[in-house]
Amino acid sequence: MQPSALQKYGEARLPRYTSYPPSPEFSPTVGSDTYAAWLSGLPSAAPASLYLHVPFCRSMCWYCGCHTTITAKDQPVVEYLDLLRKEIDMVATRAPQPLPVDRVHFVGGTPTIVAPADFVALTDLLLDRFGFADAA
Ligand code: SF4
């Protein structure tokens, strides 16, 4: 880690994106219709943040507080990425188009367990489906 990053973020009270919405907000009353209504009701000019959580890792970090499953196999990750691409399409078609995005959070095992080519394809898909701000 760069010392400048430590200085910049070390004392900051940053949000902890282990799930969104956060687990206290989970409820069986929130179904697909509610989700679709939330997406279509997003303000078209307000910047949005995207949160992508791939819940698989090769090994468990001692400080982990995330939802994850340890696996040595690639197949669960590949299958999950298929579903993630479908969800990206679903969100993009129901949200205001193009949804302006200024932040993307890759969470879970995303940075290490997703194959580089799959990660590039994922970011290409995001760039294609959403309206990224220059500063994103
Ligand atoms: S990479 Fe992240 S999600 Fe995976 S075990 Fe480590 S802290 Fe947990």
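Nothing here was measured: the structure is a model prediction, and the numbers come from that model.

Definitions and limits used
- Residues numbered from 1 in each chain as written.
- Predicted model: local features only at pLDDT ≥ 70, side-chain atom pairs only at ≥ 80, totals over all residues.
- Heavy atoms only, no water.
- Helix = DSSP H or I, 4+ residues; strand = E, 2+ residues; numbered from the N terminus.
- Contact = heavy atoms within 4.5 Å.
- Lys, Arg positive; Asp, Glu negative; His and termini not counted.
- Charge placed at Lys NZ, Arg CZ, Asp CG, Glu CD.
- Pairing = 2+ DSSP bridges.
- Axes fitted to C-alpha atoms, helices over the stretch in contact; angles between N-to-C directions.
- Salt bridge = Lys/Arg side-chain N within 4 Å of Asp/Glu carboxyl O.
- Buried < 20%, exposed > 50% of the residue type's maximum accessible area, 1.4 Å probe, protein only.

1. Topic: the overall build of the protein
Secondary structure summary: the protein contains five helices and five strands in total. Start at the N end of the protein and walk to the C end: the helices and strands fall as α-α-β-β-β-α-β-α-α-β. Referenced to the eigenvectors of the C-alpha coordinate spread, the extents of the protein come out at roughly 40 × 40 × 35 Å. Restricting the contact set of the protein to residue pairs at least 6 apart, pairs at least 24 apart contribute 77%. Each charge sign in the protein was given a centre, from 10 positive and 13 negative side chains, and these centres are 5 Å apart.

2. As for the sheet that holds strand S1 (residues 48-54)
What the three strands build is an open sheet, ordered S1-S4-S5; its pairing is parallel. Two strands in the sheet have a free side with no partner beyond their single neighbour: S1 and strand S5 (131-132). In this sheet, S5 lies alongside strand S4 (residues 100-108) in parallel orientation, the contact comprising two bridges. Residue pairing across strands places Pro-100 opposite Gly-131, the latter belonging to S5. Running at roughly 155° to S4, helix H5 (residues 116-129) makes contact with S1, S4 and S5 of the sheet.

3. Focus: the pattern of salt bridges
Tallying each qualifying case throughout the model produces five salt bridges. Notably, a salt bridge pairs Arg-58 with Asp-74, separated by 2.5 Å at the nearest N-O pair. In this pair, Arg-58 sits in the loop between strand S2 (56-57) and strand S3 (69-70) while Asp-74 sits in the loop between S3 and helix H3 (75-94), placing the two residues 16 residues apart along the sequence. A residue is classified by how much of its surface remains accessible, and Asp-74, at 47% relative accessible area, is partly exposed. Its salt-bridge partner being Asp-128, residue Arg-129 comes within 2.2 Å of it at the nearest N-O pair. For Arg-129, a relative accessible area of 31% gives the class partly exposed.

4. Considering the side chain of Thr-71
Looking at where Thr-71 falls in the secondary structure, it is placed in the loop between S3 and H3. Judged by relative accessible area, Thr-71 falls into the buried class, the value being 12%. Excluding anything up to four places from it in sequence, Thr-71 contacts Phe-56, Cys-57, Arg-58, Pro-76 and Ile-113.

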